[in-house]
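Architecture at a glance
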Amino acid sequence: MFLAPSILAADLADLKTAAVQCSQGGADFIHVDVMDGHFVPNLTIGVPVVEALAACSEIPLEVHLMVSNPDRLLEEYLAAGASWLSVHWEATVHLDRVIGLIQQKGAAAGVVLNPATPIEVLEDILPMLDFVLLMSVNPGFAGQAFLPYTLEKACRLRGAIERRLLDVTIAMDGGIGVDNIHRVVASGVDLCVAGSAVFASEDPVAAMQELRRRAESEPV
Ligand code: DX5
Ligand code: ZN
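Note that this is a predicted model, so its numbers are computed, not measured. (Residues numbered from 1 in each chain as written. Chains lettered and ligands numbered in written order. Predicted model: local features only at pLDDT ≥ 70, side-chain atom pairs only at ≥ 80, totals over all residues. Heavy atoms only, no water.)

**Looking at the coordination of the zinc ion (ligand 2)**
- Every protein donor of the zinc ion (ligand 2) is accounted for by His31 (NE2), Asp33 (OD), His64 (ND1) and Asp173 (OD), and the metal-donor separations fall at 2.0 to 2.3 Å.
- For the zinc ion (ligand 2), the six donor atoms are set out with angles of 72 to 174° between them, so the coordination reads as octahedral. (Donors = N, O, S within 2.8 Å, 3.2 Å for Na, K, Ca; no water. Tetrahedral: all angles 85-135°; square planar, octahedral: opposite > 155°, others 65-115°.)

Dropping the structure here:
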């Protein structure tokens, strides 16, 4: 399992410490939530902050764009240091072009689906994707409750990927913590994003290690 702590839940006045904690906790990526106040009702991190994080992070940045019409912003985020970059299916009408552009720049390209968006919309583009990020909360804020019906989507997506012999990573984002991470991974998810479960904890490094332990152990 890959673990990607979501920096949105960290102390935003001390992102460098959060980046160091991610390395110490053995995280595989730092998940960076970019919100435009339009596609979602919140405004968060932009290009200069992604650049600053890339400069002080030892681990790659996985950038989640929650913005309308991401097409015009891709190059800036890639230049700022996004190694993995995802856009919402609901936010662009030119998905094929967006995916191609991200990959041409040498980054991994992903599509994010809101909880209510069925995985079937990806039927044709699935072979072109590096990853699919399934939202397990409605995007906009950290600290929301996990929506259990999204586990079934992960199972179905895992089935489709295996049936078609594809190499596409499944990520899940929102409300993941020690109590449900085992079920998330058992549903076929490869990459777990966790915000509050890591950074609302007193010891984020220990929280990352515990998440990994729970993901790999038998369910309680
Ligand atoms: C929600 C964001 C998530 C969020 C995760 O819109 O995309 O990445 O920060 O935080 P938790 O794990 O607290 O739900
Ligand atoms: Zn996110």
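Following the structure, the description resumes.
**Side note on helix α5 (residues 150-163)**
- Its 14 residues place the ends of α5 20 Å apart at the C-alpha level, agreeing with the 20 Å of an ideal helix rising 1.5 Å per residue.
- Taken as a whole, α5 has its buried residues at Thr150, Leu151, Lys153, Ala154, Leu157, Arg158, Ala160 and Ile161.
- Of the surrounding elements, those touching the buried residues of α5 are β5 (108-113), β6 (131-135), β7 (169-173) and α6 (181-186).
- Phi turns positive one or two residues past the end of α5, at Leu165, with a value near 55°. (Helix = DSSP H or I, 4+ residues; strand = E, 2+ residues; numbered from the N terminus. Expected span 1.5 Å × (residues − 1). Buried < 20%, exposed > 50% of the residue type's maximum accessible area, 1.4 Å probe, protein only. Contact = heavy atoms within 4.5 Å.)

**Some remarks on the site of ligand 1**
- Taken together, 19 residues form the shell around ligand 1, and within it Gly140, Asp173, Gly175, Gly195 and Ser196 come nearest.
- Separating an oxygen atom of ligand 1 from a side-chain N or O atom of His64 is a distance of 3.3 Å.
- One of the backbone nitrogen or oxygen atoms of Gly175 is found 2.8 Å away from an oxygen atom of ligand 1.
- Bound to the protein, ligand 1 loses 99% of the 380 Å² it would expose on its own.
- More than half of the atoms of ligand 1 fall within 2 Å of the grid points belonging to the largest pocket. (Near = heavy atom within 4 Å. Polar contact = N/O pair within 3.5 Å; in protein donor to acceptor, adjacent residues only side chain to side chain. Areas by Shrake-Rupley, 256 points an atom, 1.4 Å probe, with all protein chains shown as cover. 1 Å grid on protein atoms, 1.4 Å probe; cavity = no way out; pocket = protein on both sides within 12 Å on 5 of 7 lines; lining within 4 Å. Sits in = over half its atoms within 2 Å of the grid points.)

**Looking at the sheet that holds β6**
- The eight strands lie next to each other as β1-β8-β7-β6-β5-β4-β3-β2, forming an open sheet whose pairing is parallel. Each of the sheet's edge strands pairs with one partner strand only, and the pair in question is β1 (2-5) and β2 (30-35). Each strand axis lies, on average, 25° off the axis of its neighbour in the sheet, ignoring direction.
- Pairing analysis gives four bridges linking β1 to strand β8 (residues 191-194), with the strands arranged parallel. Considered in β8, the bridge of Phe2 is made with Leu191. (Pairing = 2+ DSSP bridges. Axes fitted to C-alpha atoms, helices over the stretch in contact; angles between N-to-C directions.)

**Notes on unusual backbone geometry**
- In this model, Asn69 sits at a positive phi of 45°, which is unusual for a non-glycine residue.
- In this structure, Asn69 sits in the loop between β3 (61-66) and α3 (74-80).
- One non-glycine residue, Leu165, lies in the positive phi region at around 55°.
- The topology assignment puts Leu165 in the loop between α5 and β7.
- When its relative accessible area of 76% is taken as the criterion, Leu165 is described as exposed.

**So, the layout of surface pockets**
- Considered as a void within the structure, the largest pocket measures approximately 230 Å³ in volume.
- As for the largest pocket, its lining consists of 23 residues, of which Phe141, Ala142, Gly143, Asp173 and Gly174 are closest to the centre.
- Taken together, the residues that form the lining of the largest pocket break down as twelve nonpolar, nine polar and two charged.
- A volume near 160 Å³ is recorded for the second largest pocket.
- Lining of the second largest pocket is provided by Ile119, Glu120, Leu122, Glu123, Leu126, Arg156, Leu157, Ala160, Arg163 and Arg164.
- Classifying every residue of the lining of the second largest pocket by side-chain character gives five nonpolar, no polar and five charged. (Points joined across faces, edges and corners; volume = space filled by probe spheres on them. Nonpolar A, V, L, I, M, F, W, Y, C, P; charged D, E, K, R; others polar.)

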